[in-house]
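Read off the chains here:
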Amino acid sequence: MRRTVYNEDHESFRATLRAFIEGEVVPHYDEWLAAGQVPRDFYYKLGELGVFGIEVPEEYGGAGVESFKFQALVSEETARAGVSFGGSGVHVALCLPYLKAYATDEQKKRWLPGFISGENMFAIAMTEPGTGSDLAGMKTTAKLSEDGTHYVLNGSKTFITGGVHADRVIVCARTAPPSADDRRFGISLLVVDTKSDGYAVGRKLDKIGLKTSDTAELSFTDVEVPVADLLGEENKGFSYLGQNLPQERLGIAFGAYAQAAAAVRFTKEYVADRTVFGKSVASFQNTKFELAACQAEVDAAQAVADRALEAHDTGELTAAEAASAKLFCTEVASRVIDRCLQLHGGYGYMNEYPIARLYADNRVNRIYGGTSEVMKMIIAKSMGL
């Protein structure tokens with residue numbers, strides 16, 4: 001379908017990114033899959049390419065571009081190649097908005113140059129064992145020391161993407177008990193140095209998909225965090241977390257659309273080459289009908305994703321619109337990828353084929369960033385239901 005969401009600058013970046021992926025990622029990707037993470041020095045290469053600094057203000061060394069479209073292009077091009085940049089998506093898409101919105105000038109000067117270069121990789125730690133999406137129920141605590149110079153952090157987190165390679169982690173912790181009328185009160189955001197005493201990376205979690213994304217358990221035992229590393233105001237962290245959810249959900253929606261488009265591309269190539277009963281699989285009417293139906297769904301998802309992307313760049317994307325885009329695009333992707341895998345036959349179940357990896361990688365899209373059920377609740381509320 002014709003698109004108006006990108007301009008010449010975007011397409012130039014796409015060409016550069018595609019060449020980078022073909023030269024620096026594809027030849028090594030099987031090794032990364034086997035290792036369960038990308039090598040740490042790969043992030044320096046992304047820094048050199050400029051991927052991390054596009055949305056960072058110029059005064060801190062970035063390009064100062066106020067647009068999510070370049071990150072959307074990263075989603076499209078990695079999906080197209082059937083690869084991943086590991087946990088670096090969290091670094092930019094999830095962590096940078098918090099740093100831009102709530103860090104002081106002094107904090108930005110300390111953190112952002114290393115953020116851009118890849119020397120200072122960020123992750124964010126919200127979820128805890130046993131609480132899931134109920135962030136207000138978190139048990140991790142950060143108590144102010146008697147002399148008021150630092151917080152003492154204790155607790156644990158799980159499902160932390162980028163948690164193995166992270167140099168700094170934005171940790172959500174209770175700095176005060178919940179109030180009687182608001183259980184979300186008392187949560188603060190602390191930017192924790194992973195080299196601190198008492199900070200520990202537990203298991204690197206064994207997921208069914210997203211194998212190159214280092215997802216870990218973290219624990220904190222009397223970790224001292226300087227008050228200078230408090231992000232924003234004390235006890236207001238929960239409201240901060242809600243501010244970035246539309247962008248996070250937009251990113252997931254766009255990634256899902258890109259995966260669905262890639263699935264159709266992989267399948268077209270496969271059925272054209274695969275021969276059954278003396279004929280190419282592509283020549284069968286069922287194949288044509290299935291791929292045509294998949295393409296129609298991809299076209300619809302692209303339209304929804306592009307509309308949400310434009311709304312976000314103009315500051316008009318609402319929470320309900322982001323939820324709707326995430327729900328629609330992730331559900332479309334699940335259907336399309338499943339049908340494309342079916343057209344691969346038994347080979348679709350083999351991990352050496354990108355469709356198999358897409359099938360596993362895609363499943364989490366309907367869970368993280370808010371489950372599909374939560375998205376429906378948000379949409380229904382916006383409808384007055």
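Overview of the structure. (Residues numbered from 1 in each chain as written. Predicted model: local features only at pLDDT ≥ 70, side-chain atom pairs only at ≥ 80, totals over all residues. Heavy atoms only, no water.)

Attention shifts here to the packing of aromatic side chains. Within the structure shown, the criterion is met by 16 aromatic pairs. With centroids separated by 6.3 Å and ring planes inclined at 50°, the aromatic side chains of Phe42 and Tyr43 adopt a geometry described as tilted. Comparing Phe42 with Tyr43, the two get one shared label, buried. With a centroid separation of 5.6 Å and an interplanar angle of 85°, the aromatic rings of Phe254 and Tyr257 are classed as edge-to-face. Remark: Tyr257 and Phe254 occur in helix 8 (residues 245-273); sequence separation between them is 3 residues, near one turn of the helix. Exposure class is identical for Phe254 and Tyr257. Each is buried. Each member of the aromatic cluster is reached from another via a ring pair, and the members are Phe20, Tyr29, Trp32, Phe42, Tyr43, Phe52 and Phe85. Arg40 extends its terminal NZ or CZ atom over the ring of Tyr44, reaching a point 4.9 Å from the ring centre. Taking the ring centre of Phe284 as reference, the NZ or CZ of Lys279 above it sits at 4.9 Å. (Phe/Tyr/Trp six-rings, centres within 6.5 Å; stacked < 30°, edge-to-face > 60°. Buried < 20%, exposed > 50% of the residue type's maximum accessible area, 1.4 Å probe, protein only. Helix = DSSP H or I, 4+ residues; strand = E, 2+ residues; numbered from the N terminus. Lys NZ or Arg CZ within 6 Å of the ring centre and 35° of its normal.)

Okay, the side chain of Arg357 next. Mapped onto the elements, Arg357 comes out in helix 11 (residues 354-362). There is no salt bridge for the buried Arg357, and the closest opposite charge comes from Asp30, which lies 4.6 Å off by N-O distance. A polar atom in the side chain of Arg357 sits 3.0 Å from the backbone oxygen of Asn351. Those residues within four positions of Arg357 in sequence are excluded, and the remaining contacts are Tyr29, Leu33, Gly82, Asn351 and Glu352. (Lys, Arg positive; Asp, Glu negative; His and termini not counted. Salt bridge = Lys/Arg side-chain N within 4 Å of Asp/Glu carboxyl O. Polar contact = N/O pair within 3.5 Å; in protein donor to acceptor, adjacent residues only side chain to side chain. Contact = heavy atoms within 4.5 Å.)

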